[in-house]
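Chain by chain, the residues run as shown.
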Amino acid sequence: MYPRVVTLTLATCLASTLIACGGGSSGGGSATEPPATGEVLRVLSPLGTETPCPNLQFSTLSASVGDTLSVSGIPVSMSAPGLRIIAADNPDIVTPAFFQMREGNEDWQFQLPMHPATPLEGGQVLIEIGDGSNHCPSQSFTIAALPDAPADYAQRVQSALTSWVEAAASQLGFDPDQLRNADTSQLDGMAAVMRMLLDMASDPSAPGSIKALADDAAADPDELLERFLLSLNLEQRLLEDAALLNQTTPAVQSLYQPGEPVPRAITRNDEGPVYRNGGNCSGGFQFPGATKPDITSIFDLAPAMKAAKSRTIKAVAAHSATATNYAGTAQWNKATPVGNILFVVSTVEEALNAAQPQVFSQFIVTGDTQLTEDRLASNPAEWKAEIAAKGVDFNLERAAAQTIIQGLGLIPGPVGTALSATTFAYSNEVNAEIDRVTKDSCFRVKAPEYGPFDATYEDFTEAEVIGNAISLVDHHRYLPSDLGAATLEVKIKGEAFGTDSSAKKPLTVNVNPQILSLLPSTARIADAGDPVEIAATIANSEAEPANFAVDVVGGTSRGEVTQLRIENDFLIATIKPTTDREKYPVQVRFTSQNRTLPEGAERFKLADIEIDLGVTLTPEDAPCLTAGDAVPLTAELKGFDEQEQEVVFSATGGSFTGETPLTATWIAPQASGEYVVTATAKFDSEVKDESRFTVADNCLRKIWYPNGGFAIDNNGTYSSEGADCPQASKGDDQSVTFSDTDIPEPPLLPAETEFWNVRSETQSARFTHNSSRHVVDNKGNDNAADDSCSGITLSGLMDADVVYEGRADGTLAVSVDATLETTCERYSNGDIECSAGGGGIALGGFFYQDIDRETTVTLSGRLSCSGLEGNIGTGLAPINILVQRYENGQTPYDYSNEGNTSIKTTEGQYRSPQLFAGSCKPEQGDSSTPFQVEFVLDAPADEGATDLIVYTIAGAAQVAPAYAPSINELPSGFPTEPAPGQYRSAGKVELEVKLE
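Bear in mind the structure is a predicted one, so any value in this text is a computation, not a measurement. (Residues numbered from 1 in each chain as written. Predicted model: local features only at pLDDT ≥ 70, side-chain atom pairs only at ≥ 80, totals over all residues. Heavy atoms only, no water.)

Undergrad: Let's hear about the nonpolar core: which residues, and what values?
TA: Grouped burial of nonpolar side chains is what soluble globular proteins tend to show. Counting residues in hydrophobic clusters, the biggest one holds 74 residues, and the most contacted among them are Phe110, Leu161, Trp164, Val165, Met194 and Leu229. Dropping the residues within four chain positions of it, Met194 is found in contact with Val165, Ala168, Ala169, Leu172, Phe174, Leu179 and Val348. Ranked by size, the runner-up nonpolar core spans 56 residues in total, among them Ala800, Val816, Cys865 and Ala957. (Core = buried A, V, L, I, M, F, W, Y, C linked by side-chain atoms within 4.5 Å. Buried < 20%, exposed > 50% of the residue type's maximum accessible area, 1.4 Å probe, protein only. Contact = heavy atoms within 4.5 Å.)

Right, dumping it as structure tokens:
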């Protein structure tokens, strides 16, 4: 907490002191103008109703101005208490005080201000603590007098301040003399800031000149300013810190090279970034034109941080509230010189804090988090710590005035709430200088970071184990000591870095039992007594993975281990089991010989050796059957004794005849469908085999080859990732494809088992789409500073069902039912983007027929189109059914022979091999088109030959976004830009084809 309080309280010393300084650069007002009467009365009013506080206790009841006091026993009901310091002899003279932010349940702390009525002499006061609703009884307290000071002490402070600002400028890579001699209109960035501070410290004619104020104070008989500054011990602290800065390597390397013109050398306009940022300090810029100190390891970082934190000037912050709270009612007329001095001190200090490592920015702890119990003592696990530090970002805002609460980071309480309604400013001259340097905007420097560096050393980090699963071997190494989880708590040794901070990082470490793996875990042998090999390994071993003891459970009467050998990480055991079938299964125990936890625990795994029992039923299947067909069945048993060679036949339909222990004949039932026939070993019902048979009304060979797919855009964030656009992050793929590419080229035929005698297959897609899309809007120019990120939101839906069927009556059927919804939106740059999706299927159906004589065939069916809207249909490939003859089952028929297609109408006229053509389009409306074609196939040309006739169902059904070019017609010209809005394509296409 200390570093934070230091940084904030210093700034508040200025802000709070200036309660009597009037408004900011735009406000006017005199240096002694009081705050609004209402605000003063609120501060003067008691902090609620008095209530007993029996445990209230102060660390001391007598102290000097600026001392830090601790208070305990404040009732917990006062979550945000405040303080009033009341003159003992005049309760109307009051000054407020503020508690500092605290961590946890530590005592409350505040810094003692000056006496509200007699600041020089001090004296008795009453301290009232309350939260606005209730306050504790007032505590009598003695404030010591301010120390006597020489009449020229303000001038001495000004001289020391000048030396200190010069030393700080050198630390920041500037030459003070070059800065003083530079043309102020040419200075920018940090150079302009440091020049302003040098002028305020040493130039009697500069706006807000501290030199002029100090000279006036020396001539003024009033000693309050000098005695107050001496209470801060400001001269000594400035001189000590200047000496330290002069002896220290500069925080940044020089911003200029010798011999360069001063303006260019200081401003570095050719290399430095743009520091102003549109009136707010939300962005960040690297330290302008400079490089980091020579910090390359933790051994450089620690002393650099310690030196930065131990600089004596920081102790001024401990006294920062000494004058702040006094100005509220007593109207101390020395507020302006104090404010200007502390403005210079705090601004220089912030600039140094930006360049020097001040705070830990990263603390990374890594290590082995998964250990196995058998890890060897010679191979301990290790943790590693890395530390990075950085300065504190520097800001010089146009609105330099801050409220007391904002500046100090204090508990607001009722006092703070009252005062925070009033904004306090530096003197008008200082505000005008801030406006000039920042050009009415904001100046910010992002502090550099150092590291991360390896900090796994005893000087910088330490670890503590919470739990029993591991134990430390030394500073950063550890071993498992029990199963379960433990936490390694690694802590930064703050003292090595000059801080009270003891940041901690937990590292959870799990100690796992050994995982024993056997291959196979169950070994099956053909006959009792057959030898078997079993491999064993400890899959997660951190020692010896093949370190096992092996034995046969039950001793040598059940078997023996005949050989052990090691191959890589496996122990291979050869076992000769018993020849007595009654003693199976035989178990083999593999026991780990590695270390176990708790010490001595047993880790083993059992392998089973079983006699392999099985039934094989033939045939596995058969070509399409019709009602009453007979199928001879044969069962073969293995692993059973001769006396056990018998099975039981069963089926999901049909009947059996001629049954023997291992054979039977299955009679196909009258009803079409798929049937399962099972043979089960009579002496072990777990051992069985089955065959599947299809019974159909029409055993014409037919098949579908499903082929298609559907998709829609992935969910998530789409982004060009420029101009503050978010990072792209897309979800899982949203598509489904189905493809049977292994289609035999006729006259080759599929295997008999692949025909769709009685079969159904469904393919579905269920996807929704939601995304945010982002692009860079460059505003139509090349100026990157104008770029912005434009975003839109898109949605969509892809819902589709495809059903393929092969029916018992000889029909092939397919249906496609699809809905696609998409949206389009416009970016700020005028571009349109849409969600995308779509898909479809390519029809691939075949009938196969053998003929050896003239044959009459009837092709019938129906094409139905319903609910079609948007961009959906059979596209540019309408549905066609074609016939192709292969003479002698091999040679494609030549249809160019004088119009002889070998296909005739029933009237004897040759006709086209195209038997049907049809399409579905939204403009056709709902339709159902039946068709029936009867035709005659000529007898084979060669006597006694058999020709193969192949009927092909071809075409496609597709769906696409309704804003896209139509899938049902050829494109003409360029596509038109879609309008923002919602788009829908939907409908259903059904086809049935039957061959008789």
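There's plenty left to go through after this.
Undergrad: How would you sum up unusual backbone geometry? Please name residues and give values.
TA: In this model, Gly451 is joined to Pro452 through a cis peptide bond whose omega is 10 degrees. Residue placement: Pro452 occurs in strand 16 (residues 449-454). Of note in the backbone geometry, Asn888 takes a positive phi value of approximately 55 degrees without being a glycine. Mapped onto the elements of the fold, Asn888 is located in the loop between strand 49 (879-887) and strand 50 (891-892). Positive phi is not limited to glycine here, since Ser902 has a value of about 65 degrees. Mapped onto the fold, Ser902 is located in the loop between strand 50 and strand 51 (903-905). Overall, Ser902 belongs to the buried group, its relative accessible area being 4%. (Helix = DSSP H or I, 4+ residues; strand = E, 2+ residues; numbered from the N terminus.)

Undergrad: Describe the environment of Ile575, and please don't skip the residues or the numbers.
TA: Among the secondary structure elements, Ile575 is positioned in strand 27 (residues 570-577). Judged by relative accessible area, which is 0%, Ile575 ranks as buried. When the C-alpha positions of Ile575 and Gly559 are compared, they lie 7.0 Å apart, and in sequence the two are 16 residues distant. Beyond its immediate chain neighbours, meaning those up to four positions away, Ile575 contacts Pro531, Val532, Ile534, Val552, Glu560, Val561, Thr562, Val588 and Ile609.

Undergrad: Kindly report on helix 3 (residues 153-171), identifying the contributing residues and their values.
TA: Each α-helix turn comprises 3.6 residues. Residues three or four places apart therefore point the same way. Taking 1.5 Å of rise per residue, the 19 residues of helix 3 would be expected to cover 27 Å, and the 27 Å separating its terminal C-alpha atoms lies within 8% of that figure. Looking one or two places after helix 3, you find Gly173, whose phi comes out positive at around 90 degrees. (Expected span 1.5 Å × (residues − 1).)

Undergrad: Give me helix 7 (residues 224-231): which residues, what numbers.
TA: Counting buried residues along helix 7, 7 of its 8 residues qualify, which places the element largely inside the surrounding structure. By the burial criterion, the buried members of helix 7 are Leu224, Leu225, Glu226, Arg227, Phe228, Leu229 and Ser231. Asn233 sits one or two residues past helix 7 and shows a positive phi near 50 degrees.

Undergrad: How would you explain the sheet that holds strand 4 (residues 68-72) if you had to name every residue and give the values?
TA: The strand order across the open sheet built from 3 strands is 2-4-7, with neighbouring strands paired in antiparallel fashion. At either end of the open sheet lies a strand with only one pairing partner, and these are strand 2 (57-58) and strand 7 (108-111). Of the strand pairs in this sheet, strand 2 and strand 4 are connected by 2 bridges, and their pairing is antiparallel. Across the sheet, the residue bridging to Gln57 is Ser72, located in strand 4. (Pairing = 2+ DSSP bridges.)

Undergrad: Describe in detail the packing of helix 3 against helix 8 (residues 234-246), supporting the description with residues and values.
TA: Working note: a packed helix pair is described by the angle between its axes plus the distance between those axes. Following both chains from N to C, one finds helix 3 and helix 8 inclined at 20 degrees, their axes separated by 8 Å at the closest point. It follows from the interaxial angle that helix 3 and helix 8 lie roughly parallel. The element helix 3 and its partner helix 8 pack so that their crossing is left-handed. Touching Tyr153, Arg156, Val157, Ala160, Leu161, Ser163, Trp164, Ala167, Ala168 and Gln171 of helix 3 are Leu234, Glu235, Leu238, Leu239, Asp241, Ala242, Leu245 and Asn246, all from helix 8. Classifying every residue of the contact of helix 3 with helix 8 by side-chain character gives 12 nonpolar, 3 polar and 3 charged. (Axes fitted to C-alpha atoms, helices over the stretch in contact; angles between N-to-C directions. Parallel < 35°, antiparallel > 145°, perpendicular 65-115°, else oblique. Left-handed = near helix turned anticlockwise from the far one by under 90°. Nonpolar A, V, L, I, M, F, W, Y, C, P; charged D, E, K, R; others polar.)

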